Amino acid sequence: MRNGRALGRGFAWLWAAYAVSACGTWLGFGAFPLLAVLVLHSGPAQVAALSAAGRAVGALVAVPLGPWVEFRRKRPVMIAMDLIRCAALMSVPAAFALGRLDFAQLLVVSVVVAAADIAFNAAGGAYLKALLPRRDLLVANGRLESTTWTVTMIGPPLGGAAIGLFGPVTTVIANAVSFLLSALGIHAAGGTEPRRVRTGAPRMRAGDLLEGWRHILGRSALRPLFFNTIAVNGLIMASEPLLAVLLLDRLGFTPWQYGLVFAAPCAGGLVGSRLARRLVARWGTHRVLRTAGLLRACWPVGLAFVQPGTPGIVLVVACQLGLVTCCAVFNPVLATHRLDHTDPDRVARTLAAWSVSTSTGIAVLTALWGLLAAVTGPRIAIGAAGVLLLATPLLLPRRANPPHDRVSERLEVPTATDRTGDR
């Protein structure tokens with residue numbers, strides 16, 4: 001199948017909604033840490049606590065959302081989560097305009113957005129698997145990944161410039177509007193999606209909440225990648241607020257420079273996402289996941305040595321370029337592999353469990369690294385995270401998945417079922 005193959009009207013609208021939402025997200029990249037540092041004058045521990053508590057409480061709130069999403073139509077859930085995120089984010093500029101913005105409100109909004117993110121992603125993954133045949137999933141995930149890195153490349157510097165010109169809440173407003181436009185795009189995708197009929201008791205049971213984790217931990221195709229993802233994402237994201245403090249406060253980077261050092265490397269994301277399908281076709285999923293997973297762990301340790309001025313910018317860009325390129329290969333392959341090895345009636349719960357675990361891991365490590373930075377300084381804490389990342393390839397699967405662990409694959413000849421999913 002060629003990368004240029006049309007995937008249908010439904011995916012085109014889904015892709016457009018994803019693009020506008022991702023654009024708003026990356027225009028607003030680092031908006032809350034920037035508000036905390038520049039408006040509320042928060043220190044490293046508070047900035048880390050903002051990221052950690054928002055994710056942790058959001059993940060806790062999202063635990064029952066997986067089974068709730070599983071037995072509902074996915075498109076209305078996605079629209080509802082977009083509207084909730086829009087409303088929550090719009091409360092921030094409203095409070096700022098009234099002079100009432102405080103740390104507590106940023107924390108509450110972080111929680112709401114984090115929980116809505118998990119529910120949206122769980123519904124979105126299930127919707128995508130139902131929308132497309134299996135053979136199109138890697139192409140679709142590659143396009144979504146490519147879109148992510150495109151908007152990541154242009155969003156942060158534009159967001160930094162917008163903050164400098166129009167004020168610190170400008171990008172929060174842009175992000176809120178993007179979720180509204182995303183909801184409209186998903187609505188325009190149209191189509192019918194009958195609600196699944198649930199067998200058994202109508203009430204949610206404890207087993208429903210745990211089913212996603214049981215599914216992940218019971219499959220050798222998913223289990224090692226699950227733990228690797230938690231560790232890698234947690235250590236990378238734990239360093240993000242500390243790097244913001246180091247660059248913006250300690251080293252005197254301006255907001256546009258801060259945006260630039262994260263935007264320029266995203267060219268590597270475009271390259272990696274375009275290469276992912278070709279690499280899988282030549283080397284196979286297992287080898288690509290192992291190699292890209294190993295290489296992505298090698299770069300973040302270099303961020304501990306960043307210096308002021310142009311040398312610091314060059315170093316951050318180089319480290320981020322290597323990291324982003326490897327992640328852009330790894331991510332769509334992982335996303336496709338995860339859908340391929342998840343039963344259709346467990347997709348939402350599995351993706352929700354995965355997201356909850358990842359968010360919780362990020363929250364715990366961010367909180368710990370905030371405390372570490374308060375004691376040792378942000379530079380040493382960033383270096384410690386980089387050193388630990390070097391050990392994460394040990395968590396990658398060491399062999400290809402055994403045949404009995406695979407979900408039954410669909411025929412390569414498209415059928416009506418291929419196009420409509422398990423409905």
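Everything here concerns the structure above.
Here the structure is a predicted model, which means the values were calculated and not measured.

Student: Please provide a residue-by-residue account of the environment of E211, values included.
Tutor: Relative to the elements of secondary structure, E211 occurs in helix α9 (residues 206–217). Taking the C-alpha atoms as reference, E211 lies 7.4 Å from T350; in sequence the two are 139 residues apart.

Student: Describe the side chain of S359, listing the residues and the values that go with them.
Tutor: Here S359 lies in helix α15 (residues 347–376). Of the residues examined, S359 reaches a relative accessible area of 10% and is grouped as buried. Residue contacts for S359: discarding those within four places in its chain leaves R55, A59 and I118.

Student: Which residues make up the packing of aromatic side chains, and what values go with them?
Tutor: Within a pair of aromatic rings, the relevant descriptors are the distance that separates the centres and the angle that separates the planes. In the structure shown here, the tally under the stated rule is three aromatic pairs. A centroid spacing of 5.8 Å and a plane angle of 35° characterise the contact between F11 and W15, whose relative ring orientation is tilted. Taken together, the positions of F11 and W15, both in helix α1 (residues 9–27) and four residues apart, correspond to about one turn of that helix. We classify F11 as buried; its relative accessible area is 2%. Using a relative accessible area of 30% as the deciding quantity, one classes W15 as partly exposed. On the basis of an interplanar angle of 70° and a centroid distance of 5.3 Å, the ring pair of F226 and W354 is categorised as edge-to-face.

Student: Could you give an account of the nonpolar core, naming the residues involved and the relevant values?
Tutor: Ranked by size, the top nonpolar core spans 36 residues in total, and within it F11, L14, M78, L128 and L132 carry the most contacts. Sorting the residues of this core by element identifies α1, α3 (44–62), α4 (65–70), α5 (74–97), α6 (103–131), α7 (137–166), α8 (170–188) and α15 as the ones contributing at least two each. By residue number, the principal contributor to this core is α6, which donates 10 residues. Beyond its immediate chain neighbours, meaning those up to four positions away, L128 contacts F11, L14, L137, A140, N141 and L144.

What counts as what
- Residues numbered from 1 in each chain as written.
- Predicted model: local features only at pLDDT ≥ 70, side-chain atom pairs only at ≥ 80, totals over all residues.
- Heavy atoms only, no water.
- Helix = DSSP H or I, 4+ residues; strand = E, 2+ residues; numbered from the N terminus.
- Buried < 20%, exposed > 50% of the residue type's maximum accessible area, 1.4 Å probe, protein only.
- Contact = heavy atoms within 4.5 Å.
- Phe/Tyr/Trp six-rings, centres within 6.5 Å; stacked < 30°, edge-to-face > 60°.
- Core = buried A, V, L, I, M, F, W, Y, C linked by side-chain atoms within 4.5 Å.

These values are about where atoms sit, not about what they do.
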